[in-house]
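What the coordinates show
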Amino acid sequence: MAIEVNNHARISKLDSIVANQIAAGEVIERPANVIKELVENSLDAKANNIRIEVKNYGIDLIHIKDDGVGIHKNDLPLAMSEHATSKISKINDLNSLSSFGFRGEALSSIASVSNFKLISKNINSDKAYEISNELQIYAASHNQGTSLIIENLFYNTPARKRFLTSEKTENQHILDIVNRIILSNFSVGFTFINNSKQIYRFNKADIQDIKDQRIKKILGSQFLIGNTDINYSNSDKQYVFLNNRIVKDKLLSSAIKSIYQDKIPKGRYPSFVIFIDIDPKLVDVNVHPSKYEVRFQNSYYIYSIIRQKLITVLDECDQKDNIISSSIIENNL
C-alpha cells in the first residue's frame, strides 16, 4: 500500500472549543475495549499488518503491533495526553470523519489503568523510540510501525477489575471484537494469539474468493445469508459495518428486523454480514464514546435504501440454494 508520507498529520493538542464538541472520553470498561481502541489506531496509521496478542483474557497482557506510519519522536508525550490527536484540528472536521479514532484520549485512558509501553518508528525516521507511564523517551529497537504493550490492566482500579465477568465471557468479548475488526478490514493482514496459541493468521484479502475464505474461517463453513431456514437464538452472528466502522445502530437493526419478521420464527435471529459505504458527511459518528452508535442526516432515506437492498438480496436468495457468505450486501449511498 502506497503511503503519502508528507500528508500524514502530526499529533497536536486540541483547543478547548473543539474538545468540548466531542462526545465524552474513551470507554475502557474491559480488555476488549482496549483492543478495539488500539487496533483502530493501527488502522488509522495505515497498517498493512496487525498482530494482536493477549494473555489471561487481557489482564496480564495486551500487545498490539503494526507496520503503520509510526509516531514522530517529539509527538510521543502528546500521544499519551488528553485531547491530543492527528485526526482532527477544527470543529468542521467532525462533520466528515473518515478515521476510526478521533478523540485523542485512548492512550491516555489506557495508560492510566495499566503498566503501559509504546515503541514506535516513524516512517521518516531511521530510529525507534519508546515511552511508558513515566513519559521518559528512550531509544529502542523496532521496525517501522508501532507496538503497544499493556500489562497488569486495572491493577490500580480494583473496583473496575471486580466488575469483569468470568474468563470465558471476557475471552468471548475479545474474540467478538477481533472477529468484527478482521471482517471489516479485508485489506489488512491479521494475526491473533491468545495465551500463546495462534487463533487466526490472515493475509490481506484483495479478491472475493479470499474474502469468502476469511468469512468462512471466522463464522464457520455453514454460515449463510438469506437462507431463512438458518436462524439462531441470539444476534451474535449479525455483523453491520458502516464505512468499515463497527456499528450497532437502532435504525439499521429496525430495517433488518422488518425484512425478516415474516420469514423466521418469533424470538429467532437471522445471520448476516452487511457493509454500507456512505459519504461521511451524511453520518455523525460523534454520538457516543464507544463509537458504535451513529446518527444519519436523512434517516428515512437511509432506512428506505437499506431496506430495499435487503429485500432484493433476500428475494434473490429465495431463488437459489444456500447462498453463502459471498452474498455480502454492499450499499453505495
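What you see is a predicted model; the values in this text were computed from it and never measured.

1. Comments concerning the overall build of the chain
- Broken down by element type, the chain carries nine helices and 16 strands.
- For the chain, the proportion of its 333 residues judged to be buried stands at 50%.
- Restricting the contact set of the chain to residue pairs at least 6 apart, pairs at least 24 apart contribute 72%.
- Carbon and sulfur atoms make up 44% of the accessible area of the chain, which amounts to about 16500 Å² in all.

2. Considering the pattern of salt bridges
- Across all of its chains, the model carries four salt bridges by this definition.
- A salt bridge links Glu170 to Arg30; the shortest N-O distance between them is 2.9 Å. Linking Glu170 in helix 6 (residues 167–183) with Arg30 in the loop between helix 1 (16–19) and helix 2 (31–44), this pair joins segments that are 140 residues apart in sequence.
- Its relative accessible area of 1% is what places Glu170 among the buried residues.
- Given a relative accessible area of 19%, Arg30 falls into the buried group.
- Glu53 serves as the salt-bridge partner of Arg51, at 3.0 Å between the closest nitrogen and oxygen.
- Using a relative accessible area of 31% as the deciding quantity, one classes Arg51 as partly exposed.

3. Section: the confidence of the model for the chain
- Across the chain, the average pLDDT comes to 78, with 75% of residues at or above 70.
- Here residues 15–25 is a poorly scored stretch, pLDDT under 50, and it has 25 contacts once near neighbours within four places are set aside; other chains count.
- Taken together, the stretch residues 88–103 has pLDDT below 50 and engages in 56 contacts with residues farther than four places along the chain or on a different chain.

4. Points about helix 6
- Over its 17 residues, helix 6 extends 24 Å from the first C-alpha to the last, a length consistent with the 24 Å expected when each residue adds 1.5 Å.
- Restricting attention to buried positions, one finds in helix 6 the residues Glu170, Asn171, Ile174, Ile177, Val178, Asn179, Arg180, Ile181, Ile182 and Leu183.

5. Some points on the sheet that holds strand 8 (residues 145–151)
- Taken in spatial order, the eight strands line up as 7-6-5-8-3-2-9-10 in an open sheet, and their pairing is mixed. Both outer strands of the open sheet, strand 7 (137–140) and strand 10 (197–202), are each paired with one neighbouring strand and no more. Pairs of neighbouring strands in the sheet enclose a mean axial angle of 15°, with direction left out of account.
- Pairing geometry for strand 2 (residues 49–55) and strand 3 (residues 61–66), over six bridges, is antiparallel. In the sheet register, Ile52 faces strand 3, and the bridge partner there is Ile64.

6. Section: the pairing of strand 10
- Direction of pairing for strand 9 (residues 189–194) relative to strand 10: antiparallel, over a ladder of five bridges. Pairing of Thr191 across the sheet is with Arg201, part of strand 10.
- The loop that links strand 9 with its antiparallel partner strand 10 comprises two residues; one of these, Asn195, has a positive phi angle of about 50°.

7. Quick notes on the side chain of Glu53
- One can find Glu53 in strand 2.
- Within the local environment of Glu53, its side chain forms a polar contact with the side chain of Arg51, the two groups lying 3.0 Å apart.

8. As for the layout of surface pockets
- Size it by volume and the second largest pocket reaches roughly 1100 Å³.
- For the lining of the second largest pocket, the elements supplying multiple residues, two or more each, are helix 2, helix 6, helix 7 (208–219), strand 11 (238–242) and helix 8 (250–260).
- For the lining of the second largest pocket, the leading source of residues is helix 6, giving seven residues.
- In terms of residue class, the lining of the second largest pocket is built from 19 nonpolar, 12 polar and 13 charged.

9. What about the packing of aromatic side chains?
- Within the structure shown, the criterion is met by five aromatic pairs.
- Between the aromatic rings of Phe192 and Tyr200, the centroid separation amounts to 6.3 Å while the plane-to-plane angle is 40°, which identifies the pairing as tilted. By the burial criterion, Phe192 is buried, and Tyr200 matches it.
- Centre to centre, the rings of Tyr200 and Phe202 are 5.4 Å apart; their planes meet at 35°, and the pair counts as tilted. Judged on exposure class, the residue Tyr200 and its partner Phe202 are both buried.
- Put simply, the rings of Phe186, Tyr239, Phe241 and Phe275 pair up and form one aromatic cluster.

Conventions we followed
- Residues numbered from 1 in each chain as written.
- Predicted model: local features only at pLDDT ≥ 70, side-chain atom pairs only at ≥ 80, totals over all residues.
- Heavy atoms only, no water.
- Helix = DSSP H or I, 4+ residues; strand = E, 2+ residues; numbered from the N terminus.
- Buried < 20%, exposed > 50% of the residue type's maximum accessible area, 1.4 Å probe, protein only.
- Contact = heavy atoms within 4.5 Å.
- Areas by Shrake-Rupley, 256 points an atom, 1.4 Å probe, with all protein chains shown as cover.
- Salt bridge = Lys/Arg side-chain N within 4 Å of Asp/Glu carboxyl O.
- pLDDT = per-residue confidence, 0-100.
- Expected span 1.5 Å × (residues − 1).
- Pairing = 2+ DSSP bridges.
- Axes fitted to C-alpha atoms, helices over the stretch in contact; angles between N-to-C directions.
- Polar contact = N/O pair within 3.5 Å; in protein donor to acceptor, adjacent residues only side chain to side chain.
- 1 Å grid on protein atoms, 1.4 Å probe; cavity = no way out; pocket = protein on both sides within 12 Å on 5 of 7 lines; lining within 4 Å.
- Points joined across faces, edges and corners; volume = space filled by probe spheres on them.
- Nonpolar A, V, L, I, M, F, W, Y, C, P; charged D, E, K, R; others polar.
- Phe/Tyr/Trp six-rings, centres within 6.5 Å; stacked < 30°, edge-to-face > 60°.

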